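What follows is the residue order along each chain.
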Amino acid sequence: MIPTLDDLSVDGTTIGVRVDVNSPLADDGSLADDARILAHVDTLSELLSRGGRVAILAHQGRPGGSSFSGLSPHADRLDELLDFPVSYCDGNFSKEARDAIGALENGEAVLLENTRFYSEEYMEFDPEVAGQTALVDRLVPVLDAYVNDAFAAAHRSQPSLVGFPTRLPAYAGRVMEREIDVLGDIESAPTPRVYAVGGAKVNDSIDVAESVLERGLADTVLTTGVVGNVFLIAKGVELGKASSEFILDEGYWDEVDRAGRLLDAYGDKIILPRDVAVERNGERAEIPIADLPAAPDEPALDIGSRTVDLYGDIMANAGTVILNGPAGVFEMEQFAVGTKGLYNAATKAKNSIVGGGDTAAALRRLGIEGFTHVSTGGGAALKMLTGESLPAIEVLRT
Ligand code: ADP
Ligand code: MG
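Neighbouring ligand 1 are 20 residues, the closest being Ala200, Lys201, Glu331, Asp358 and Thr359. For ligand 1, an oxygen atom lies 2.6 Å from a polar atom in the side chain of Lys201. Ala300 has a polar backbone atom sitting 3.1 Å from a nitrogen atom of ligand 1. When the free accessible area of ligand 1 is taken as 580 Å², the share hidden by the protein chains comes to 88%.

Sheet architecture is open: six strands sit in the order S3-S4-S2-S1-S5-S6, paired in parallel fashion. Sheet topology places strand S3 (86-88) and strand S6 (170-172) at the edges, where each strand pairs with a single neighbour. Strand-to-strand twist across the sheet, computed as the mean angle between neighbouring axes with direction ignored, equals 25°. Pairing analysis gives four bridges linking strand S1 (residues 14-18) to strand S5 (residues 145-148), with the strands arranged parallel. Opposite Gly16, over in S5, you have Tyr146 as the bridge partner. Across the sheet, helix H2 (residues 41-49) is in contact with S1, strand S2 (53-57), strand S4 (108-111) and S5; its angle to S2 comes to roughly 155°.

What follows deals with the domain arrangement of the protein chain. Here the domain parsing of the protein chain yields domain 1 (5-179) and domain 2 (184-385). Across the boundary between the two partners, domain 1 contributes 11 residues, which contact 13 residues of domain 2. Across the domain 1/domain 2 interface, buried area totals approximately 920 Å², and carbon plus sulfur atoms make up 52% of it. On the domain 1 side of the contact with domain 2, Phe151, His155 and Glu179 bury the most area, a combined 54% of that side's loss. Taken together, the connections running from domain 1 to domain 2 amount to one salt bridge. Between Asp33 and Arg364 there is a salt bridge whose closest N-O contact spans 2.7 Å.

About the criteria used
Residues numbered from 1 in each chain as written. Chains lettered and ligands numbered in written order. Predicted model: local features only at pLDDT ≥ 70, side-chain atom pairs only at ≥ 80, totals over all residues. Heavy atoms only, no water. Near = heavy atom within 4 Å. Polar contact = N/O pair within 3.5 Å; in protein donor to acceptor, adjacent residues only side chain to side chain. Areas by Shrake-Rupley, 256 points an atom, 1.4 Å probe, with all protein chains shown as cover. Pairing = 2+ DSSP bridges. Helix = DSSP H or I, 4+ residues; strand = E, 2+ residues; numbered from the N terminus. Axes fitted to C-alpha atoms, helices over the stretch in contact; angles between N-to-C directions. Contact = heavy atoms within 4.5 Å. Domains from an automatic or database assignment. Buried area = accessible area lost by both parts, 1.4 Å probe. Salt bridge = Lys/Arg side-chain N within 4 Å of Asp/Glu carboxyl O.

Here it is as structure tokens:
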């Protein structure tokens, strides 16, 4: 069983809460998007309104990366969003940080500095070892309980994610709880189950397809994006030089063989695009599969409208639709058509689940709403879908 906030008596206690507010930043270092921050408002508001004193732990970017920075903009945004004061502390387990936590009153929060400013936090450990790291060891004495709401980071076995539950009573926050309810229990989601796999991380998407087909979870797998192109090539379709070279350059040529093996084993369940949209002089041009290959300089950047119609019909009859990955290069208006059509059709299904980093960005950019569940996780959501256990979730189990 995984304890939730329902099992925690909050009033007057000091609670360490791990969230995932890792956000895209603008050139001036301000937040370019606050979706991840918004996601945690419920958990934080609930703890604060129940009289908690909340020390928030989070990371931003990765060492050496362009978005590796401090969390003061995140604290400002949280302070605006919550009806409770959120201050910022320029340290994560220093005396300054521990003093700031000790000074909290009921209904007050402090956001501590980027956990990854501290080197052990960017390593993976067994929970017991993580529980002895400096970050955990120094914060434990000033905390009464630990809440993990950082589902999107739950596939990492880092100190702030797996260490505290070895030392303190630990609970899933509301985001974590809901993700576990939905993604951890796909086998009881209504059938027929249709998985739509797309995007550009071909190996991850084929992992998901393989796993859900092998485990009998998928009745149908729809393929889009670069993943769809790989399946088309595996089927013997000549897409054209530009698309093949893209797959080769991205290092995904081996995935063509894997896609071929999946087609051999589960050919009746895997549906391939009926047409693609290529880039021709900067414009969108749709080509039926029978009329391929495209000209050598015309990459297939989207699924075509016949494919959107076909996939829409299949999803309309689904009990559950699970989507990951954009159907095309949605960042370009003329190649967002497939993603927009496909995702809008998916929202018509009785039960629709969607997840992925770029996928979530596509939803916002294209203004698509109405999914039953939008996962906050990218890598974590994919791991859940392949049935793998996530270390930060396992360590919460009692
Ligand atoms: P997610 O982050 O949601 O898991 P991915 O990272 O796998 O999704 O894929 C997102 C990227 O896939 C987008 O940037 C999009 O431009 C790209 N993409 C989708 N279809 C194509 C295509 N046909 N050719 C090139 N890139 C594509
Ligand atoms: Mg991505």
